[in-house]
Amino acid sequence: MLNYMREKKIRNLARIIGKGINVKKNLESLKNKETKSLIEIIEFLCELEATVNNLNLLGINVFPIEEKYLNVIRILLKEIYGEVKCNVIIWWVFESISPEGDVLPLVDEKNEKHIIKTPRQLVKFLKRYD
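So, how was this worked out
Residues numbered from 1 in each chain as written. Predicted model: local features only at pLDDT ≥ 70, side-chain atom pairs only at ≥ 80, totals over all residues. Heavy atoms only, no water. Salt bridge = Lys/Arg side-chain N within 4 Å of Asp/Glu carboxyl O. Helix = DSSP H or I, 4+ residues; strand = E, 2+ residues; numbered from the N terminus. Buried < 20%, exposed > 50% of the residue type's maximum accessible area, 1.4 Å probe, protein only. Core = buried A, V, L, I, M, F, W, Y, C linked by side-chain atoms within 4.5 Å. Contact = heavy atoms within 4.5 Å.

**Topic: the pattern of salt bridges**
Under the counting rule described, the total for this entry stands at three salt bridges. Residue Lys85 pairs with Asp130 through a salt bridge whose shortest N-O separation is 2.3 Å. Of this pair, Lys85 sits in helix α4 (residues 83–95) while Asp130 sits in the segment after α5 (119–126), placing them 45 residues apart in sequence. By relative accessible area, Lys85 is classed as buried at 8%. Residue class for Asp130 comes out exposed when judged on its relative accessible area of 68%. Among the salt bridges present, the one from Asp108 reaches Arg128, with a minimum N-O distance of 3.3 Å. Of this pair, Asp108 sits in the loop between β1 (106–107) and β2 (113–114) while Arg128 sits in the segment after α5, and the two are 20 residues apart along the sequence. Residue Asp108 is classed as buried on the basis of its relative accessible area of 5%. Classification of Arg128 as partly exposed rests on a relative accessible area of 42%.

Pasting the structure below:
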């Protein structure tokens, strides 16, 4: 019964607005999706870096394998987000933590220092390059 009522509503709606209508996402929705995707990518890269570091501590060298994957990731990031964003993301994920565990500041083109501790903060910082 519930399916019948739902199908009837859809048919009535189609009669009112017409068939073949394309529904498009608004710009804000698309930007939110892109932001969430970029945060997720950065989180995965952080997990990869942590795993590689742990393996290195155990004496297992996976650098030759890791480097090939990272080259693919760099190419994709550069193609999708541009060279500047790609370089910032790669630096932040792989080089922003000192050997002592401190977060190194990201220095922008105005020589301002930014301490970025989370992928969400990084994505917010990267919006200036849109």
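**Considerations on the nonpolar core**
If you look at the biggest cluster of nonpolar residues, it comprises 20 residues, and the most contacted ones within it are Ile42, Ile89 and Leu122. Elements that contribute at least two residues to this core include exactly α2 (27–57), α3 (63–81), α4 and α5. Of all the elements, α4 adds the most residues to this core, at seven residues. In this view, Leu122 contacts Ile42, Val88, Ile89, Trp92, Leu106 and Ile116; residues no more than four positions away in its chain are not counted.

Keep in mind these numbers describe shape, not what the thing actually does.
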